[in-house]
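What follows is the residue order along each chain.
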Amino acid sequence: VHVEEMDVFIGNSYIKEANDLHGEHLDTQNMLRQIESIVQIIDRDHMKVAFFGRTSNGKSTVINSMLRDQILPSGIGHTTNCFLSITGVDVQEPYLLRPDSPDKKNAQTIKRLSNSLSKECLDPNAIVRLYWPKTKCALIRDEVVLVDSPGIDMSPDVDGWIDTHCQDADVFVLVANSESTLMHSEKSFFKRVNAKLSQPNIFILNNRWDCSAGEDTATRDEVRSQHQDRTIEFIVDELGLMTRKETSERIFFISAKEALKIRMGQASDLAQGWEERHKEFEDFEHKFENCLSASAINTKFHSHGLRGRDIANSLNESLKKMEELSFNYRKKCEEERKKKKVPTATVR
């Protein structure tokens, strides 16, 4: 409430020839958005994880691997054409809800509704909600909601996506293509997330690392080191989200397709080194689950509390600046009145 009042006050304030409050007005509006996201996170009774990346980087395959089943549409080309959420429920049979109907639908129709190869395409900003039995997946038993997304390079309305579907996300999982380094679209997306939200929590998956199986060890290590160094530089130096050590523990080189095959009993034709890649996928899952544990929830609230304190300090600095500007402008007006021999009005 106080921040809203200050935003209105600054917006209505104008000091002739000394109006330096435009920046403060923009800062206050940004603080309001961050406070709204913090309130939404604290009010929720579940954890929300958003998976993002460019088209065909394997976001849906990563989720399928974590759920240990071929649930979401995946494959070559642009497959996911809208947002998909997966929520655990205490039922025996899965079902889904379309954005345009309250009626429960067969879960199998999700591959038709959300697949861009289907003739029945939904709006990219729409969300199909899949409700999956908790007994089939341990990951979603503890009130965790997973959100899959279309490629961030498929729509110019990235800010709308963030406001609609990411404002209250607890964790972001960036699924990148290990055959290339972080692209401009991926960096741009997380810069916007970082500007809009309070201390976003990020994991980075370099998917399709099985493409390195044909390379010699030295080349593979060099490529891995290059990817890791550039990601750390982006997260630490450009976004300022974590330390180098923390960031290095959030970067993984995996093959989601291999992990899914292994978990579905189809691991007959995997590339050399699959054991190491699958072990790293399991390491990601372990750290990911720890991040969503009760102790991590406390850490999350702690970080938001610190951010709230920073916002309060920033507001205090803005008020001091306004007071100083007002005092200087009043002093200037009084001096001009004296020169013109105009009596100064009595201030009560």
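The structure we're discussing is the one just above.
Residues numbered from 1 in each chain as written. Predicted model: local features only at pLDDT ≥ 70, side-chain atom pairs only at ≥ 80, totals over all residues. Heavy atoms only, no water.

Engineer: What am I meant to see in the overall build of the chain here?
Structural biologist: A tally of helices and strands in the chain yields eleven helices and nine strands. Across the 348 residues that make up the chain, the buried fraction comes to 47%. Of the contacts made within the chain by residues no fewer than 6 positions apart, 75% connect residues no fewer than 24 positions apart. Of the roughly 18400 Å² that the chain leaves accessible, carbon and sulfur atoms contribute 49%. (Helix = DSSP H or I, 4+ residues; strand = E, 2+ residues; numbered from the N terminus. Buried < 20%, exposed > 50% of the residue type's maximum accessible area, 1.4 Å probe, protein only. Contact = heavy atoms within 4.5 Å. Areas by Shrake-Rupley, 256 points an atom, 1.4 Å probe, with all protein chains shown as cover.)

Engineer: Just checking my understanding: could you explain the environment of Thr135 for this structure?
Structural biologist: Structurally, the position occupied by Thr135 is in the loop between β5 (127–133) and β6 (144–148). Residue Thr135 is classed as exposed on the basis of its relative accessible area of 59%. A C-alpha to C-alpha distance of 8.5 Å links Thr135 and Val91, two positions 44 residues apart in sequence.

Engineer: Help me understand empty space enclosed by the protein, please; the structure alone is not making it clear to me.
Structural biologist: Unfilled space is identified by rolling a water-sized probe across the atoms. Using the criterion set out here, one finds one cavity of 30 Å³ or more in the structure. A volume near 60 Å³ is recorded for the largest cavity. Around the largest cavity, the lining residues are Arg54, Ala176, Asn177, Ser180, Thr181, Leu182, Glu186, Asn206, His227, Arg230 and Thr231. Of all the secondary structure elements, the ones that give two or more residues to the lining of the largest cavity are β7 (171–177) and α7 (217–238). Top contributing element to the lining of the largest cavity by residue count: α7, with three residues. In the lining of the largest cavity, the residues fall into two nonpolar, six polar and three charged. (1 Å grid on protein atoms, 1.4 Å probe; cavity = no way out; pocket = protein on both sides within 12 Å on 5 of 7 lines; lining within 4 Å. Points joined across faces, edges and corners; volume = space filled by probe spheres on them. Nonpolar A, V, L, I, M, F, W, Y, C, P; charged D, E, K, R; others polar.)

Engineer: Even after reading the chapter, I still don't get the packing of aromatic side chains, so can you show me in this structure?
Structural biologist: In this description, an aromatic ring pair is defined by two values, namely the gap between the centres and the angle between the planes. Taken as a whole and judged by the stated rule, the model has 13 aromatic pairs. Where Phe172 meets Phe190, the ring centres are 5.9 Å apart and the plane angle is 85°; that geometry is what we call edge-to-face. Here the residue Phe172 occupies a position in strand β7, and Phe190 occupies one in helix α6 (residues 184–196), the gap between them amounting to 18 residues. There is no split in this pair, since Phe172 and Phe190 are both buried. Taken together through their ring pairs, the aromatic side chains of Phe52, Phe83, Phe172, Phe189 and Phe190 make up a single cluster. The residue whose ring lies beneath Lys104 is Tyr95, and the NZ or CZ to ring-centre distance is 4.4 Å. Positioned above the aromatic ring of Trp132 is the side chain of Lys136, whose terminal nitrogen or guanidinium carbon lies 5.1 Å from the ring centre. (Phe/Tyr/Trp six-rings, centres within 6.5 Å; stacked < 30°, edge-to-face > 60°. Lys NZ or Arg CZ within 6 Å of the ring centre and 35° of its normal.)

Engineer: Where do I start with the pairing of strand β2 (residues 83–89) in this structure?
Structural biologist: Side-chain positions along a regular strand alternate between the two faces of the sheet. Summarising burial for β2: seven of the seven residues are buried, a large majority. Here β2 shows a buried face lined by Phe83, Ser85, Thr87 and Val89 and a second buried face lined by Leu84, Ile86 and Gly88. Two elements, β2 and β5, share seven bridges in a ladder whose sense is parallel. Looking at the pairing, Thr87 lines up with Tyr131 of β5. Pairing geometry for β2 and β6, over four bridges, is antiparallel. Note that in β6 the partner of Thr87 across the bridge is Val145. (Pairing = 2+ DSSP bridges.)

Engineer: Explain the nonpolar core here, please?
Structural biologist: One broad rule of soluble globular proteins: the nonpolar side chains tend to lie buried together. Judged by nonpolar contacts, the single largest core of 37 residues is most densely connected at Val49, Phe51, Leu130, Leu146, Val173 and Phe288. Apart from residues no more than four positions distant in its own chain, Val173 is found in contact with Val49, Ala50, Phe51, Phe52, Phe203, Leu205, Phe284 and Phe288. Core analysis: the next-biggest nonpolar cluster, separate from the first, contains 29 residues, Phe83, Ile232, Ile235 and Leu241 among them. (Core = buried A, V, L, I, M, F, W, Y, C linked by side-chain atoms within 4.5 Å.)

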